[in-house]
Amino acid sequence: MYFMKRSTLFHIVLVLSASIFVSCKDKDKIAEGNNQIIHFDVSGWTNNHKIPWTVISKLKFIPLETNANCIMGEPRKLCLHNNKFYLTDMGVNKRIFIFNTSGNYLGSIGSYGKGPGEFINLTDFFINKTQNQLFVLDNDQRKVIVYDLQTAKFLYDFKITFSAHDFAMIDDNKLVFYSKVPQNKSGKSFSIAIMNLDDKSYNWFLAQDELDTSLSGINSIFQSFNTYYAPYLKDIVYRITSNSIEPAILFNFGQNKLPEERLKDFRKNPRIILDLLKERKDWIYGIENVLETDKFLTFNLEVSRNTVIVIYSKETGSFFYGNQYEDLLGVFPQFINIAASENEFYGFINSYFFVRGKDKILQQNNWILKEEYLKAINSIQEESNPVIISIEYNSF
């Protein structure tokens, strides 16, 4: 059974469960300047809907080559540039792996250490496509390191004076940083810094309050067509440009929003928020992976302790949400989209689950998708590197 519902929202991720799906049309957009704010009432959402398989127009599995030089854990970030994947993982690897779009390993950039071109903590990275350069953030050394993409050689680095946890380039002359910890022990602290690359000066934005917590997600700044900042426990997503930071998406969590008054002593006792999240199963929070192509916006959030996916049509204002896809992709316990290009989203599946799903997948009736799976499975073992998934959506 399918339901229609009014609202709006966007992005991608997967986890287990079962049930239904929802397609929605939003008429509550509010124009502000040249941009629009999208409003979502998620107070009645549940975590057991499914997204119909028919929303997917094209899917491809890309096994990443596995050898002694490129053993990867769970991917943390993926960038696509000039038909190459640049990946870093959640494990102990202290470098950025490079694969072509067929999954063949091409090399790596960076190494562990304190010398020129080395980092202690590969906190985040991005690609400056106009300059053909790769920027790495090392929060442990409070340093940004820049490499030439063509040669993988170190070019230069510079220091920052604050703790930063992810970053992005908002034009050729400005960087935006997210800091999840207070900059000082007294007075106001802020979440976002915008830096001028010419003189390394920066300005702070968005004063922190009780809901700005160090217990945030892996990333809070997401960049594709636009650059977004998603505070992990709040009901808002901001759009960041070189000239402004403004609301892009507003949510109504209803009674399922975390109570700010309960978190006033959080900075003195971090266990307060952990206890609060355990207290009730129906909290809504955790907006992450805000990505977009030319036609779609996607993201995920936590609803009653399960991750749900939202796929939002920029053309019609309709959207689907659910904690799982129907049919083929529903076989896998979890996959998460972590990047977007002009018309594709990219996620990954752990090779262990990819291999273990074979019997169930071969029972499916979708022959085209089974054929894609069989092309990939021949080069994968349970201990192989993750499988990249490329997805395109049908208009709806």
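Note that the structure is predicted; figures quoted are calculated from it, not measured.

Cut-offs and rules
- Residues numbered from 1 in each chain as written.
- Predicted model: local features only at pLDDT ≥ 70, side-chain atom pairs only at ≥ 80, totals over all residues.
- Heavy atoms only, no water.
- Helix = DSSP H or I, 4+ residues; strand = E, 2+ residues; numbered from the N terminus.
- Buried < 20%, exposed > 50% of the residue type's maximum accessible area, 1.4 Å probe, protein only.
- Contact = heavy atoms within 4.5 Å.
- Pairing = 2+ DSSP bridges.
- Axes fitted to C-alpha atoms, helices over the stretch in contact; angles between N-to-C directions.

(A) Spatial organisation of the overall build of the chain. Each helix and strand counted, the chain has 4 helices and 32 strands in total. Taken over 396 residues, the chain has a buried fraction of 54%. The long-range fraction of contacts in the chain, counting pairs at least 24 apart against all pairs at least 6 apart in sequence, stands at 57%.

(B) Focus on the sheet that holds strand β20 (residues 202-207). The strand order across the open sheet built from 4 strands is β17-β18-β19-β20, with neighbouring strands paired in antiparallel fashion. Two strands bound the open sheet, and with one partner strand each, they are β17 (166-171) and β20. Taking each pair of neighbouring strands and ignoring which way they run, the sheet shows an average axis angle of 25°. With 5 bridges joining them, β17 and strand β18 (residues 174-178) adopt antiparallel strand pairing. Across the sheet, the residue bridging to aspartate 166 is tyrosine 178, located in β18.

(C) Representation of the pairing of strand β28 (residues 318-322). A large share of β28 lies buried, amounting to 5 of its 5 residues. As judged from the 4 bridges shared by strand β27 (residues 306-313) and β28, these two strands associate in the antiparallel manner. Residue valine 310 lies in a different strand from β28, and its bridge partner there is tyrosine 321.

(D) Summary view of unusual backbone geometry. Positive phi, close to 50°, is recorded for arginine 142, a residue that is not glycine. Along the chain, the position of arginine 142 falls in the loop between β14 (133-138) and β15 (143-148). Note on arginine 142: relative accessible area 36%, which makes it partly exposed. Phi angles above zero are rare outside glycine, and arginine 305 is one such case at about 70°.

(E) Examining the sheet that holds strand β16 (residues 154-159) more closely. Pairing within the open sheet is antiparallel, and its 4 strands lie in the order β13-β14-β15-β16. Two strands in the sheet have a free side with no partner beyond their single neighbour: β13 (124-128) and β16. Taken pair by pair, the neighbouring strands of this sheet meet at an average axis angle of 20°, ignoring direction. Pairing geometry for β14 and β15, over 6 bridges, is antiparallel. Counted as the bridge partner of phenylalanine 135 is valine 146 from β15.

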